[in-house]
Amino acid sequence: MLRIVTHIERLLLVHDCVIVPKFGGFVLQAVPAMQHKEEHTFRPLRKEIGFNMTLQHNDGLLPESYMQMHEVSYRQAQLMLEEDVEDIKNILQQYGKLSLGVLGSFSIGEEGQMIFHPGETDLFSVGSYGLPVFHFPVLAPLEMEREEAVLLTSQKEKKDTLYIPISRKLIRTVMASAAAVALFLLVSTPVRDVNQEAYTASFVPTGMVVQKPVLLEAVLPDSTVAEADTKQESSEEVIAREVKKVVSVPAPEKKAFVSRPVVVQPKKMYHIVIASFPSESQADEFIAGVDRNECKHVSKVVRDGKYRIYADKFDNREAAESYMATLRSNPKYKDAWLFISR
């Protein structure tokens with residue numbers, strides 16, 4: 001049975017009608033795209049399977065499919081097809097119903113008639129394959145959308161507004177406090193009599209000043225007045241000593257003069273060098289052979305480990321250069337040169 005179902009499904013992908021000999025024909029019917037207004041759905045173009053019992057002749061499609069799939073002859077393919085058809089009829093009569101997979105199912109009615117129930121599949125809708133049923137809600141009118149937008153905006157503004165409760169009693173208290181502070185700052189404070197002596201500066205402390213008791217002279221006896229005069233004189237002497245202590249300024253100390261040593265710069269000497277040797281013995285030997293008439297003050301000077309023989313030395317550069325020019329006129333001392341030392 002499953003064998004014939006496979007052949008029918010395969011042929012319906014290419015043909016719109018497949019006839020099963022001595023049983024009936026499966027027909028594909030095109031259903032146009034439609035809209036269900038109540039459900040707001042759209043269905044694309046599809047094909048539904050139908051069954052026609054009047055189509056029972058052999059059109060050759062099924063036998064040919066058997067031949068290609070099972071590689072048998074036409075006669076053998078026809079025999080195989082007849083066996084499958086007999087099996088379908090026997091099962092339907094025995095059980096009263098028969099399922100053919102995606103094609104649908106058959107059942108026997110009350111009057112013994114055969115009823116076909118097509119299967120719900122888009123397998124054979126090749127032209128609209130992949131286009132499912134989709135839902136598209138009804139668009140609201142433009143005015144209603146505007147009203148909804150305004151309503152949402154107003155609700156959002158209400159949510160964003162914050163109300164902070166403030167007590168009127170608190171405001172009155174704050175205002176009264178501010179007025180009191182302003183009044184206190186504006187009203188000037190009265191100035192009382194100031195003790196001038198408290199703001200008077202003096203070199204002598206006021207506690208040490210003794211005023212003369214003028215009124216007591218007429219009342220007190222002579223001895224008392226004399227004693228008071230003595231005390232007054234002693235107090236005046238004390239005040240004078242205190243003033244001297246305060247006014248006296250210590251004399252500045254004399255700094256001892258420290259003499260700095262005078263650094264005497266060494267004097268430059270200009271030597272007219274006629275020879276130079278690395279050792280003292282060679283220098284002495286050369287000096288011994290010098291003619292004293294030509295070089296009266298011949299001697300040697302040691303610098304940097306070298307013994308330089310000079311014909312004469314001067315403390316004046318001009319005199320040294322003049323003597324060197326004269327000495328160079330002698331062929332023996334034509335290479336004489338000037339050496340400066342300190």
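Here, the structure is the one placed above.
Residues numbered from 1 in each chain as written. Predicted model: local features only at pLDDT ≥ 70, side-chain atom pairs only at ≥ 80, totals over all residues. Heavy atoms only, no water.

Q: Pulling in residues and values, what's your account of the pattern of salt bridges?
A: Evaluated as defined, the whole model comprises six salt bridges. The partner of Asp284 in a salt bridge is Lys300, with the nearest N and O atoms 2.7 Å apart. One end of the pair, Asp284, is in helix 7 (residues 280-288); the other, Lys300, is in strand 11 (residues 299-303), with 16 residues separating them in the sequence. Residue classification places Lys300 among the partly exposed residues on the basis of a relative accessible area of 25%. (Salt bridge = Lys/Arg side-chain N within 4 Å of Asp/Glu carboxyl O. Helix = DSSP H or I, 4+ residues; strand = E, 2+ residues; numbered from the N terminus. Buried < 20%, exposed > 50% of the residue type's maximum accessible area, 1.4 Å probe, protein only.)

Q: Break down the sheet that holds strand 13 (residues 337-341) for me, citing the residues and quoting the values.
A: Overall, antiparallel pairing links the four strands, which are arranged 11-12-10-13 in an open sheet. Strand pairing shows two members of the sheet lacking a second neighbour, strand 11 and strand 13, which therefore form its edges. Mean inter-strand twist for the sheet, computed between neighbouring axes without regard to direction, equals 50°. Here strand 11 pairs with strand 12 (residues 306-314) via five bridges, running antiparallel. (Pairing = 2+ DSSP bridges. Axes fitted to C-alpha atoms, helices over the stretch in contact; angles between N-to-C directions.)

Q: Lay out a negative patch on the surface in plain terms, naming residues and giving numbers.
A: Side chains of Glu82, Glu83, Glu86 and Asp87 sit close together on the surface and give a patch of like negative charge. Along the chain, the position of Glu86 falls in helix 3 (residues 74-95). Judged by its relative accessible area of 43%, Glu86 falls in the partly exposed class. (Patch = residues over 30% accessible without salt bridge, like charges linked within 9 Å, V, L, I, M, F, W, Y side chains within 5 Å. Areas by Shrake-Rupley, 256 points an atom, 1.4 Å probe, with all protein chains shown as cover. Lys, Arg positive; Asp, Glu negative; His and termini not counted. Charge placed at Lys NZ, Arg CZ, Asp CG, Glu CD.)

Q: I'd like a description of the packing of helix 2 (residues 61-70) against helix 3, backed by residues and values.
A: Packing of helix 2 against helix 3 brings their axes to within 8 Å, and their N-to-C directions diverge by 110°. By the angle between their axes, helix 2 is roughly perpendicular relative to helix 3. Of the two elements, helix 2 crosses helix 3, and the hand of that crossing is right-handed. Contact residues: Leu62, Pro63, Tyr66, Met67 and His70 in helix 2; Tyr74, Ala77, Met80, Leu81 and Asp84 in helix 3. Here the residues of the contact of helix 2 with helix 3 are counted per class, giving eight nonpolar, one polar and one charged. (Parallel < 35°, antiparallel > 145°, perpendicular 65-115°, else oblique. Left-handed = near helix turned anticlockwise from the far one by under 90°. Contact = heavy atoms within 4.5 Å. Nonpolar A, V, L, I, M, F, W, Y, C, P; charged D, E, K, R; others polar.)

Q: Tell me about the sheet that holds strand 2 (residues 24-31), and please be specific about residues and values.
A: The strand order across the open sheet built from three strands is 1-2-5, with neighbouring strands paired in antiparallel fashion. Each edge of the open sheet carries a strand with a single partner, namely strand 1 (17-20) and strand 5 (46-52). The mean inter-strand angle of the sheet, taken between neighbouring strand axes irrespective of direction, is 20°. Sheet topology places strand 1 next to strand 2; four bridges connect them, and they run antiparallel. Bridge pairing in strand 2 links Val18 to Phe26.

Q: Mind laying out the packing of aromatic side chains, listing which residues take part and the relevant values?
A: In total, this model carries 11 aromatic pairs according to the counting rule given. Between Phe51 and Phe116, the aromatic rings sit 5.8 Å apart at their centres with planes inclined by 35°, giving tilted as the arrangement. With Phe51 in strand 5 and Phe116 in strand 8 (residues 114-118), the pair connects residues that are 65 residues apart, well separated along the chain. Judged by its relative accessible area of 16%, Phe116 falls in the buried class. Between Phe277 and Phe286, the ring centres sit 5.4 Å apart and the planes meet at 50°, which makes this aromatic pair tilted. We classify Phe286 as partly exposed; its relative accessible area is 29%. Grouping aromatic residues by their ring pairs yields a cluster made of Phe23, Phe26, Phe51, Phe106 and Phe116. (Phe/Tyr/Trp six-rings, centres within 6.5 Å; stacked < 30°, edge-to-face > 60°.)

Q: Outline helix 3, listing residues and values.
A: Given 3.6 residues per turn, any residue in an α-helix points the same way as the ones three and four places further on. For helix 3, with 22 residues, the first-to-last C-alpha span of 32 Å sits near the 32 Å given by 1.5 Å per residue. Within the sequence span of helix 3, burial applies to Ala77, Met80, Leu81, Asp84, Val85, Ile88 and Leu92. In an axial view of helix 3, the angular spread of the buried residues amounts to 135°, which keeps them on one side of the axis. Residues of helix 3 that are exposed and point more than 90 degrees away from the buried face comprise Arg75, Gln93 and Gln94. Positive phi appears at Gly96, one or two residues downstream of helix 3, with a value of about 80°. (Expected span 1.5 Å × (residues − 1). Arc of directions from axis to C-beta.)

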